[in-house]
Amino acid sequence: MATNSEFDYLAFFKEEIRNENAAIKIGAVNRLNLIASALGPSKTVSELIPFVTMVVQEEPLCNDEEFLFSMAKQYAVLSDYINGHDELLIAPLEHLAAQEETVIRDQAINSLCKVVERRPNLAPEYLVPTLHRLATKSDFFTARVSACALLPTAYRFANEDQKAGLRKAYTTLCADDTPMVRRAAAHKMRDLISVCEKAEILSDLIQVYRQLSQEDTQDTIRVACVHTTLVMANMLNLEENRQHTLSVIKEAAEDRSWRVRLTVAKNFDQLCAAFGPEIMATSLLQSFIQLMKDNEQEVRKEAVRVIEPCLLLVTPLSPEQLQQYILPQFQSLGLDSAQPVRAALAQVLGPVAKVLGRDVTQRQLLSLISDLMKDEFHDVRLNIVSHAGLICEVLSVDGLVHSLLHTIQNLIMDNHWRIRQSVVEQVPKLARLFGVEMFQSKLEALFLSSLRDSVHSVRQAAIQHLKEIADTFGSQWTVEHLLPKLVEQYSQSAGYANRVTTLHVLPQVSGVMTPDQIVQYIVPLLVKATKDSVPNVRFCACRTTMWMMENHSLGSQCVNGTIKPALVELEHDSDIDVQYYAQRAIAQCGNA
């Protein structure tokens, strides 16, 4: 039998990658690190690297795209096994970076960047010449596309005397006859600019940036220029931005391609942050109005959506700017034929109302808010309801709120369960705002009816939020007013789900009650539930009883005299789940 020292790992690898079975071949490539580890650094450098460099260029494997892709990934892995000889990996990766198949090129570039980031001193001697060779290959455009992708990394680690040549190469690529090369150059512009000095941008790159922003044939290039502007505007001062970048954004906001306009709308908050409050006030808001009126619904939707992030900027939109530029568009947007636009508007009205304050909200937004709460599209109703508490807080408790309250009452019975759930989630905040009397007269009956909702998620939301209401109004109100109504819902004639819900509610309200009150009001109901005809109710009673004993000190007289006898009866229940929970609850009695 051969020992490890006699086994030829390289020969084994060569045999595996020439196997006709693709899975075996690719599996061998993906385990190349094991071969390198077994061979050791010296043999990996002298034998394995020359072999894998040659094999990707020779028939038949040079035409196997899956093999080439796996090899492009593995070259970066080999970097750990060659004792610092990473320069040997540059040539084969350069060959793969010129391939026709996109995923092979992308992976080769990715591996090249990883190798150079690990060994930055390779860039001046190896990566920069590689980039120039790829950038000047004229037989096929793909190598030039790869050169564009390499530029930011090469530039970052290049020597100072090489950088002018790289900027010149980039300028040439931006003017390439092939549209795909120009597009690749445009997409890498923001990465390149982020590693350039401001003086280098103004002297060499600003002209290219302006030319690409005027590119007629490809809207993706103009989209890339918007993203580049985000980086560049942060690097330039106010006057330089006015001179070089502002016009690009203003033209993009009116571009004939909706994708370019959409990019401006989506990134408007970041553009405002990059350009600063002065340019935002004097120039950008005018363009923003046009985006809110755009004939493409996706652009209008994003323009409305981005209002909220604009309110969170370091220098946010002021109430005056909102009133002058934004609010006049709201009425037409509220009547927009596109449902997603109205839904986006409903989503931002709460934060906008908070900034504007009570008087302006009352005068200019109240009717719009009421209309959107009655919108036929459920997402619109859902989005506005999710801010109901905030809006009512802004309006404060007086006559203004009554019209909204009536709408909220209707929405708690909406056909869509998500809207009912959202209203339920807002009720604790409304309860805090309105106080006991208004809550009891306007919301209580509807809120308690949510405990009987046909959808479990709505019932669950009502159960969880009842604790907040009990905490808000205190122990006396909970015991004297709320608890009798909850007990009333526990009815043998109603469906068993209502009884289960009541049992789930009891722990939520018990937090504001004393142990004596729990023994007096809750324990009798739990004992009654252990004798229910439905097994689900019986084991829920056992679980709730366990929770009460764990979280409240009920006293040995109650535990042993009232609770335990009821549980003992369930030890031999006909339902196995009831038996299980009864036994656990009895064990808990011993700990109480």
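Now for a description of the structure that goes with this document. Positions within a chain are numbered from 1, following the residues in the order the chain's sequence is written. Reporting of local features is limited, given that this is a predicted model, to residues whose pLDDT is at least 70; pairs of side-chain atoms are given and counted only at 80 or more, and all residues count toward the totals for whole chains, interfaces and linings. Side-chain numbers here rest on the full set of heavy atoms in the structure, without hydrogens or water.

### Some words on the overall build of the protein chain
For step 1, the next point in the chain: Tallying secondary structure elements over the protein chain gives 33 helices and zero strands in all.
For step 2, the next point in the chain: In terms of principal-axis extent, the alpha carbons of the protein chain reach across some 90 × 80 × 35 Å.
For step 3, the next point in the chain: Burial analysis of the protein chain (592 residues in total) assigns 54% to the buried set.
For step 4, the next point in the chain: Contacts between residues were defined by any pair of non-hydrogen atoms, one from each residue, lying within 4.5 Å. Within the protein chain, contacts between residues separated by at least 24 positions form 68% of all contacts whose residues are at least 6 apart in sequence.
For step 5, the next point in the chain: Computed by Shrake-Rupley with a 1.4 Å probe, the accessible areas treat only the displayed protein chains as cover when residues are assessed. For the protein chain, the exposed surface amounts to about 26,500 Å²; the carbon and sulfur share of it is 48%. Secondary structure elements follow DSSP: runs of H or I no shorter than four residues count as helices, runs of E no shorter than two count as strands, and numbering proceeds from the N terminus. Categorising residues by exposure relies on relative accessible area from a 1.4 Å probe, with only protein chains included: less than 20% of the type maximum marks a residue as buried, more than 50% marks it as exposed, and the intermediate range marks it as partly exposed.

### Considerations on the state of the cysteines
Covalent bonding between the sulfur atoms of two cysteines defines a disulfide.
For step 1, the next point in the chain: Cysteine sulfur atoms are paired as a disulfide whenever they come within 2.5 Å of each other. Evaluation of the coordinates by the stated rule reveals zero disulfides.
For step 2, the next point in the chain: There is no disulfide at C272, and the cysteine sulfur nearest it, in C310, is 4.7 Å away.
For step 3, the next point in the chain: Judged by relative accessible area, which is 4%, C272 ranks as buried.

### Quick look at the layout of surface pockets
For step 1, the next point in the chain: Using protein atoms alone on a 1 Å grid, points that fit a 1.4 Å probe yet trap it form a cavity, whereas open point sets bounded by protein on both sides within 12 Å along at least five of seven lines form a pocket; residues with an atom within 4 Å of a point count as lining. Grid points are joined across faces, edges and corners, and a volume is the space filled by probe spheres set on the points. Estimated volume of the largest pocket: approximately 210 Å³.
For step 2, the next point in the chain: Lining the largest pocket are I463, H504, P507, Q508, C540, R543, T544 and W547.
For step 3, the next point in the chain: Residue assignment for the lining of the largest pocket shows that the elements contributing at least two residues are α29 (496-510) and α31 (535-551).
For step 4, the next point in the chain: If you tally residues by element for the lining of the largest pocket, the top one is α31, at four residues.
For step 5, the next point in the chain: The residue classification treats Ala, Val, Leu, Ile, Met, Phe, Trp, Tyr, Cys and Pro as nonpolar and Asp, Glu, Lys and Arg as charged. All others, Gly included, are polar. Its residues assigned to classes, the lining of the largest pocket comprises four nonpolar, three polar and one charged.

### Quick word on the nonpolar core
A general trend in soluble globular proteins is that nonpolar side chains are found buried together.
For step 1, the next point in the chain: Here, nonpolar core refers to any group of buried Ala, Val, Leu, Ile, Met, Phe, Trp, Tyr and Cys residues whose side-chain atoms link them within 4.5 Å. Residues F330, L365 and L466 are the most contacted members of the largest nonpolar core, which totals 136 residues.
For step 2, the next point in the chain: In terms of nonpolar packing, the next biggest core, distinct from the first, is built from 77 residues, L96, A143, Y155 and A158 among them.

### Quick word on helix α4 (residues 65-78)
For step 1, the next point in the chain: For α4, spanning 14 residues, the distance from its first C-alpha to its last is 20 Å, which sits close to the expected 20 Å at 1.5 Å a residue.
For step 2, the next point in the chain: Buried within α4 are the following residues: F67, L68, S70, M71, A72, Q74, Y75, A76 and L78.
For step 3, the next point in the chain: Buried positions along α4 lie against α1 (9-17), α2 (22-30), α3 (32-55), α5 (90-97) and α6 (102-118).
For step 4, the next point in the chain: In protein, a polar contact requires one atom able to donate a hydrogen and another able to accept it; more generally it is a pair of N or O atoms within 3.5 Å, and residues adjacent in sequence count only if both atoms are side-chain atoms. Of the residues that open α4, the one with a side-chain oxygen 3.2 Å from the backbone nitrogen of E66 is D64. Given a helix with a known number of residues, its expected span is that number minus one, times 1.5 Å.

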